[in-house]
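Each chain is listed here by its residues.
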Amino acid sequence: MTAIRAAQAITPRTALGELITGNKRFVYGNPQYGHNVTQAAATAGGQQPHSVVLGCIDSRVPLEAVFDQPFGAICVARSGAHVLDRSLIGSVEFAVSALGVRLALVVGHKRCGAVTATVGAVRSGDRPGGDVGYLVEEIAPAADGVDLDDPGAADHVIRAHVERTVERLRETPELAAAIVAGTVDVVGAIYDLDTGWVEFLERS
């Protein structure tokens, strides 16, 4: 398949397959796409991405590389621990409505600093102020019901936070209508910093 194609030719399942296959190429050391100016120039006239990927700002999680995707294939939106606000939700909705993407993928990752800080803040009751405090407050509900004294508490919160973000996106009116129509899907995933593998989460 070419990197740029008519959006109508892609389904949510096909888009997910592109990312799963790309992650396998990445892990096995056989990427098809590098980042060079010729590829950038080839897509300068327009874009027809198949997915929008929402991830963390962590510098160890370069999403285009993790999924081995070329210029023009995916839109990327990032915030600390993929915390949603109006601008990020609007960006995802724009990617769906204006660019025709078929998949919204929420990617959390192991050893997320923002989640680890949130677990510590919830455990101690000492919440940071300012806009960092906003991040903590947005992540904190994912810690509900988690034993924060468990050594694996952060991993449980990371997973719960991804699932909450997926559900929040699925409930937005713009995406909910497209999901019902079968033209778009929203999926969660967790990236393993040590192995490079992305675990795609199944909805319960």
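Relevant structure appears above.
For every chain, the first residue of the written sequence is number 1, and numbering continues from 1 onward in sequence order. Per-residue local features are limited, in this predicted model, to residues with pLDDT of at least 70; the limit for side-chain atom pairs, both in listing and counting, is 80 or more; totals at the level of whole chains, interfaces and linings are taken over all residues. As a convention, hydrogens and water are excluded, and side-chain values are obtained from all of the structure's heavy atoms.

(A) Local environment of the pattern of salt bridges. Throughout this description, the term salt bridge denotes a Lys or Arg side-chain nitrogen within 4 Å of a carboxyl oxygen of Asp or Glu. In this structure the tally under the stated criterion is 8 salt bridges. Between Arg-127 and Glu-137 there is a salt bridge; the shortest N-O distance is 2.9 Å. In this pair, Arg-127 is assigned in the loop between α5 (113-124) and α6 (130-139) and Glu-137 in helix α6, connecting sequence segments 10 residues apart. For the salt bridge of Arg-159 with Glu-199, the shortest nitrogen-to-oxygen distance reads 2.9 Å. Taken as a pair, Arg-159 in helix α7 (residues 153-171) and Glu-199 in strand β5 (residues 198-201) lie far apart in primary sequence, 40 residues in all. Under the scheme used here, helices are H or I runs from DSSP no shorter than 4 residues and strands are E runs no shorter than 2 residues, and both carry numbers assigned from the N terminus.

(B) Fine view of the environment of Leu-63. The topology assignment puts Leu-63 in helix α3 (residues 63-66). Under the scheme applied here, a residue whose accessible area is under 20% of the maximum for its type counts as buried, over 50% as exposed, and between as partly exposed, the area being computed with a 1.4 Å probe on protein chains only. For Leu-63, a relative accessible area of 1% gives the class buried. Put simply, Leu-63 and Cys-75 are 12 residues apart on the chain and 9.8 Å apart in space, counted from C-alpha to C-alpha. Residue contacts follow a heavy-atom distance rule, with two residues in contact if any of their heavy atoms lie within 4.5 Å. Those residues in contact with Leu-63 that sit more than four places away from it in its chain are Val-53, Gly-55, Ile-74, Val-76, Arg-78 and Val-107.

(C) Layout of the packing of aromatic side chains. Working definition: a ring pair exists when centres of Phe, Tyr or Trp rings (six-membered ring for Trp) sit within 6.5 Å. Plane angles under 30 degrees give stacked, over 60 give edge-to-face, the rest tilted. By the definition in use, this model includes 2 aromatic pairs. Residues Tyr-28 and Trp-197 carry aromatic rings whose centres are separated by 5.5 Å and whose planes lie at 85° to one another, so their mutual orientation is edge-to-face. Of this pair, Tyr-28 sits in the loop between α1 (12-27) and α2 (37-42) while Trp-197 sits in the loop between β4 (185-191) and β5, and the two are 169 residues apart along the sequence. Residue Trp-197 is classed as partly exposed on the basis of its relative accessible area of 32%. On the basis of an interplanar angle of 50° and a centroid distance of 6.4 Å, the ring pair of Phe-67 and Phe-200 is categorised as tilted. Of the two residues, Phe-67 is situated in the loop between α3 and β2 (74-78) and Phe-200 in strand β5; the sequence distance between them amounts to 133 residues.

Function cannot be inferred from these measures alone, as they are strictly geometric.
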